[in-house]
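Residue strings, one per chain:
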Amino acid sequence: MPTVHVTKYNKDMAQYQSDILIIGSGPAGYTAGIYASRTGKTSFLVSGEEEGGQLILSNDVENFPGFEDAITGTDLMNKIKKQALNLGVKIINDKIVEVDFSHYPFECSSQNHNVFYAKSIIIATGASAKWLEIETEEQYKGYGISVCATCDGFFYKNKDVAVIGGGNSALEEALYLANFARSVTIIHRRESLRADKRAQEKIKQHPKISVKYDVTVEKFIGEDKNLKGIKIKNVKNDKEEIIKIDGVFIAIGHKPNTEFLRGEINLDKDGYIITQPNSCKTNIEGVFACGDVKDPKFRQAVIAAGSGAMAAIEATRWLGQ
Ligand code: NDP
C-alpha cells in the first residue's frame, strides 16, 4: 500500500461529515451501505482502489443465494453496487490511507487528499492475494507471474501454465485457465487438496489439468522479463525438477488489508481485526469491522455480506436508534 501522508486540517481539502463512514466496497461494505442507507443515518462509502473487492476476480459464483445459475463475480458485484446506489448510498472512489481514532468524530484521510469525519466507522477493507515471497518472484511479477487468471489468463492461449495452491481459489483459477491454455499444472505443497470435493471432481475430469502433489516452488526461471519455467522440489524426497512453464498463477490465500490501521485498533497476529464474539464491535467504541478483514475462517461472500448487515445494525444502534 502506498504511503501517502496527507496534511490534516488543510482548508483546501474536501471534507466529508457523516454519521457512518464505510470503508471498502466488497460484499461486506456494500451490504453495510445498503443497511445504513435504510436507517436514515447519513453515510459515505469509500470504495478503495479495487472497487468490488476480491469477488470481481471470481469467474463462477454459484453459492451466493438468489442466482439459480452461476454468476460472474463482476456481475454479482455490479448488481450489489446498483442496489446500493438505488438506495442512496453515496460511493466515493478514493482510498483511506490513514485513520485517527483518538479524535471524535473519528477522522480518516484519503489518497486523494480528502478528510472524512464520522461518528461511527465500519471497516470492510477485505483481504488481498498473498505472494510466495521467494527469490526471483519480484522479477517476473506481471511478466509471467500473476495472481488473477480472469485478468491475465487470456494471454496464455495454447501455452503451458501452472497454478500454485490447493484451495478453492487455485482450482477455480485452473479451471478458468484451461479454457485458454494448452495445459494447466496445479502445484500443491501437500498430498491432498484443500478445495471442496465438488471443485476436486471438476479438475479430476478435466483433460488439460493435472496436479503435482507434495512439491514447492523453489525458483522462477527465465530470460530478461520472460518466464520460461519453474524449479520445483518434492518435499518428501527433496528431488528437484525444472518444468517448462509460460505462466504461473499464484493462488495461495489472502492477507487482510489492515496496514493503514496499525496502532489504531487491535489486530491478531496475522493482521485480522479482532471483533467481539458474535459481533462486529472492535476494541474502539463506535468502530466496527465486517467481512474478510475480520474473518480468517470462512471468507465467503455471503458471510461477508451478512456481517456487513450486522455491522450497520450495530453501528446504527450504537449511534442511538
Ligand atoms: P485457502 O486458504 O483455502 O487455500 C490456500 C492454498 O494455498 C492451500 O492449499 C495452501 O496449502 C496453499 N498455500 C498457502 N500458502 C502457501 C505457500 N506459501 N506456498 C504454497 N502453497 C501455499 O485460500 P483460497 O484463496 O483458496 O480460499 C479462501 C476461502 O475462499 C476458502 O474458504 C474457499 O473455500 C473460499 N473460496 C470459495 C470459492 C467458491 O466457492 N467459488 C472460490 C474461491 C475461494 P495447504 O492446503 O497446505 O494449507
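Residues numbered from 1 in each chain as written. Predicted model: local features only at pLDDT ≥ 70, side-chain atom pairs only at ≥ 80, totals over all residues. Heavy atoms only, no water.

A count of helical and extended segments in the protein gives 7 helices and 17 strands. For the C-alpha atoms alone, the extent of the protein along its principal axes is close to 60 × 45 × 35 Å. Looking at the 321 residues of the protein, the share that counts as buried comes to 49%. Across the protein, every contact between residues at least 6 apart in sequence was considered, and the portion connecting residues at least 24 apart equals 60%. Here the protein displays about 16,300 Å² of accessible surface, and carbon together with sulfur accounts for 47% of that area. Mean positive and mean negative side-chain charge positions of the protein (40 and 41 charges, respectively) differ by 3 Å. (Helix = DSSP H or I, 4+ residues; strand = E, 2+ residues; numbered from the N terminus. Buried < 20%, exposed > 50% of the residue type's maximum accessible area, 1.4 Å probe, protein only. Contact = heavy atoms within 4.5 Å. Areas by Shrake-Rupley, 256 points an atom, 1.4 Å probe, with all protein chains shown as cover. Lys, Arg positive; Asp, Glu negative; His and termini not counted. Charge placed at Lys NZ, Arg CZ, Asp CG, Glu CD.)

All right, on to the packing of aromatic side chains then. Taken as a whole and judged by the stated rule, the model has 10 aromatic pairs. With 5.0 Å between their ring centres and 75° between their planes, Tyr 16 and Phe 44 make a pair best called edge-to-face. Placement of Tyr 16 in strand 1 (residues 14–23) and of Phe 44 in strand 2 (residues 43–46) is noted, with a sequence separation of 28 residues between them. Using a relative accessible area of 22% as the deciding quantity, one classes Tyr 16 as partly exposed. Residue classification places Phe 44 among the buried positions, given a relative accessible area of 14%. (Phe/Tyr/Trp six-rings, centres within 6.5 Å; stacked < 30°, edge-to-face > 60°.)

With that out of the way, let us pick up the state of the cysteines. Taken as a whole and assessed by the stated rule, the structure comprises 0 disulfides. The structure places no disulfide on Cys 280, whose sulfur is separated from the nearest cysteine sulfur, that of Cys 290, by 5.7 Å. Overall, the relative accessible area of 0% leaves Cys 280 in the buried class. (Disulfide = S-S within 2.5 Å.)

Another aspect to go through is the sheet that holds strand 15 (residues 247–250). Ordered by their spatial adjacency, 5 strands build an open sheet running 8-15-9-10-11, and the pairing between neighbours is parallel. The open sheet has two edge strands, strand 8 (145–146) and strand 11 (209–212), and neither has a second partner. With 2 bridges connecting them, strand 8 and strand 15 associate as parallel partners. For Ser 146, the partnering residue across the bridge sits in strand 15 and is Phe 249. (Pairing = 2+ DSSP bridges.)

Around the ligand, the surrounding shell holds 19 residues, and the nearest of these are Asn 63, Asn 168, Ser 169, Arg 190 and Arg 194. Arg 189 has a polar side-chain atom sitting 3.0 Å from an oxygen atom of the ligand. Arg 299 is positioned such that a nitrogen or oxygen atom in its side chain is 3.4 Å from an oxygen atom of the ligand. Computed on the free molecule, the ligand has an accessible area of 910 Å², of which 79% lies beneath the protein chains in the complex. Counting residues per element, the shell around the ligand draws most heavily on helix 5 (residues 168–177), which supplies 3 residues. For the shell around the ligand, the residue count by class is 4 nonpolar, 10 polar and 5 charged. (Near = heavy atom within 4 Å. Polar contact = N/O pair within 3.5 Å; in protein donor to acceptor, adjacent residues only side chain to side chain. Nonpolar A, V, L, I, M, F, W, Y, C, P; charged D, E, K, R; others polar.)

Let's shift gears to the environment of Pro 256. With respect to the element layout, Pro 256 can be found in strand 16 (residues 254–256). For the pair formed by Pro 256 and Lys 294, sequence separation is 38 residues and the distance between their alpha carbons is 7.7 Å. Residues contacting Pro 256, with those up to four places away along its chain left out, are Gly 126, Ala 127, Asp 270, Gly 271, Tyr 272 and Val 293.

The next thing to look at is the pairing of strand 14 (residues 240–244). Sheet analysis places strand 13 (residues 226–234) next to strand 14, joined by 5 bridges and oriented antiparallel. Following the sheet pairing, Lys 233 is matched in strand 14 by Glu 240. Taken together, strand 13 and the strand that follows it, strand 14, pair antiparallel across an intervening segment of 5 residues, in which Asp 238 is found at a positive phi of about 65°.

A few words now on the sheet that holds strand 13. Strand pairs in the sheet, formed through backbone hydrogen bonds, run parallel or antiparallel to each other. Read across the sheet, 3 strands follow the order 12-13-14 without closing on themselves; strand pairing throughout is antiparallel. Pairing within the sheet leaves two strands with one partner each, and these edge strands are strand 12 (215–223) and strand 14. Geometrically, the sheet is characterised by an average inter-axis angle of 25° between neighbouring strands, direction not taken into account. (Axes fitted to C-alpha atoms, helices over the stretch in contact; angles between N-to-C directions.)

By the element assignment, Phe 64 lies in the loop between strand 2 and helix 2 (73–86). Using a relative accessible area of 14% as the deciding quantity, one classes Phe 64 as buried. Linking Phe 64 and Ser 192, residues 128 residues apart in sequence, is a C-alpha distance of 27 Å. Among residues more than four places away in sequence, those in contact with Phe 64 are Leu 76, Ile 80, Ala 301, Val 302 and Ala 305.

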